Every structure is written in structure tokens, then in C-alpha cells.
Amino acid sequence: ASNALDRVDAQMLRSLARIRATNSGASGHAQTNLANSVSRMSRLFRSMPETAAKTLDVQIDDTITIPMDVQDIEEVLGNMMENAFHWCQTTVRVSATTSHGDVLLKVEDDGPGIPESSRREALRSGGRLDTSSPGTGLGMAIAADLIQAYGGTFELDHSKSLNGLCISIAV
């Protein structure tokens, strides 16, 4: 029963996130300093005992702004970084660049990655590739929904530098 309630709660949060994005920053007026948001999320993850021994490598220029509401980008970052810290062996890298007016944000890890054949399932609402650990399977789907509400792209790929998963968004 608790698992079912967790899933209902997560589905509601996902719907609320989509509504919030549609009604607020997704209109194109919001601008958030990405380095500040990554710094806040980094402090949060650094305060957790399970991430203390892991390396977090942040490569983001202080001047990059992303056209998203601060609450929305931090929800996306939180989901991306939580996934990376959960699966990494030792290292998580968060990087961002700009290209042709878009912000390209990547969160990479040195964990097992996700086989190409399973990536669609990982982004499906409630899609869980590992049912042995707690969770609703909605974090990545929520992040993907929010990015899409802003007209961006959300992709899962292989990290060429760390050899695990690379989650990349472009907005």
C-alpha cells in the first residue's frame, strides 16, 4: 500500500511540475544562473553521507544562464544528480556549455550506464530498471517532461569520458 501511495504522490508531483512549467517560466521570460543552481544542488548532495566519499566534478562557467524558472531547473538537476550519485562508482561530472543560443547541460557518471535498448523504458513514467532499491521510477520522467515543457531535449547516452551514463539536456 505504501508503494502505491508513493507512486500516486509522485504522479501528482509530475503533473504539478508540468502545469507549473507551462504556466510560469516556460513562457520564455525566466533566466536562471546555472552555476548558482548547480552550486546549491552540489551542497545538498555533499551534505548526504552516502555521497561524501564520491567525487563531484563541476565544469560550468559562472556566466551561463538557462531559460528556465529556478525551481524547475533545480528539480531537473536534482533528479539528474540523484540518479548519477546513486549509480556512480566514484565520480559524477556536471558540465554546461552554450551552442547556437542553447544551453547544453550534461550530468555524467562512471557507473554501469543504461543499455541503449533500455533507455526508453528509463524515461517512461514509472519505468524502473532496478526494482531492488526504493523509488517510484518517475524522477527521470519528471525531468524529461519539464525540459520538454520548455521546448528542450532530454537524452540518455553513454558517457565517453566516464564510461557510465550521460544525461544531456539542451534548452
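Note that the coordinates shown come from a computational prediction; the quantities given were computed from them, not determined experimentally.

Visitor: Honestly, the packing of aromatic side chains in this entry has me stumped. Any pointers?
Guide: Aromatic ring pairs are defined here through the distance separating the ring centres and the angle between the ring planes. Summed over the entire model, instances satisfying the criterion amount to 1 aromatic pair. Centre to centre, the rings of F45 and F85 are 5.5 Å apart; their planes meet at 25°, and the pair counts as stacked. Taken together, the residues F45 in helix α2 (residues 34-46) and F85 in helix α3 (residues 70-87) connect sequence positions 40 residues apart. Given the relative accessible area of 4%, F85 is considered buried.

Visitor: I would appreciate a short explanation of the pattern of salt bridges in the present structure.
Guide: A pair can form between side chains of opposite charge whenever their charged atoms are brought close. Going through the model one piece at a time under the given rule, you end up with 3 salt bridges. E74 is the salt-bridge partner of R40, the closest N and O atoms lying 2.6 Å from each other. Taken as a pair, R40 in helix α2 and E74 in helix α3 lie far apart in primary sequence, 34 residues in all. Exposure remark for R40: the relative accessible area of 36% places this residue in the partly exposed category. You can call E74 buried: its relative accessible area is 17%. Close ionic contact of D57 with R93 constitutes a salt bridge, the shortest N to O distance being 2.9 Å. Here D57, found in strand β2 (residues 55-59), pairs with R93, found in strand β4 (residues 91-99); they are 36 residues apart in sequence, far enough to count as distant. Judged by relative accessible area, D57 falls into the partly exposed class, the value being 23%.

Visitor: Please clarify how the sheet that holds β4 should be interpreted in this entry.
Guide: Strands belonging to one sheet form pairs held by backbone hydrogen bonds; the direction of such a pair is parallel or antiparallel. Strand order in this open sheet of 5 strands is β2-β4-β5-β7-β6, and the pairing throughout is mixed. On the outer flanks of this sheet lie β2 and β6 (153-158), each paired with one strand and no other. Neighbouring strand axes in the sheet, compared pairwise and without regard to direction, differ in orientation by 15° on average. Where strand β5 (residues 102-109) lies against strand β7 (residues 165-170), 5 bridges are found, and the strand directions are antiparallel. Bridge pairing links L105 to I169 in β7. On top of the sheet, α2 reaches β2, β4 and β5; it is set at about 175° to β2, its chief contact. The strands that helix α5 (residues 139-149) touches are β6 and β7; relative to β6, the one it contacts most, it runs at about 135°.

Visitor: Where do I start with α3 in this structure?
Guide: Note that an α-helix has 3.6 residues per turn; residues three or four places apart therefore point the same way. With 18 residues, α3 should reach 26 Å at 1.5 Å per residue; the first-to-last C-alpha distance of 26 Å fits that figure. Within the span of α3, buried status applies to D72, I73, E74, V76, L77, G78, N79, M80, M81, N83, A84 and F85.

About the criteria used
- Residues numbered from 1 in each chain as written.
- Predicted model: local features only at pLDDT ≥ 70, side-chain atom pairs only at ≥ 80, totals over all residues.
- Heavy atoms only, no water.
- Phe/Tyr/Trp six-rings, centres within 6.5 Å; stacked < 30°, edge-to-face > 60°.
- Helix = DSSP H or I, 4+ residues; strand = E, 2+ residues; numbered from the N terminus.
- Buried < 20%, exposed > 50% of the residue type's maximum accessible area, 1.4 Å probe, protein only.
- Salt bridge = Lys/Arg side-chain N within 4 Å of Asp/Glu carboxyl O.
- Pairing = 2+ DSSP bridges.
- Axes fitted to C-alpha atoms, helices over the stretch in contact; angles between N-to-C directions.
- Contact = heavy atoms within 4.5 Å.
- Expected span 1.5 Å × (residues − 1).

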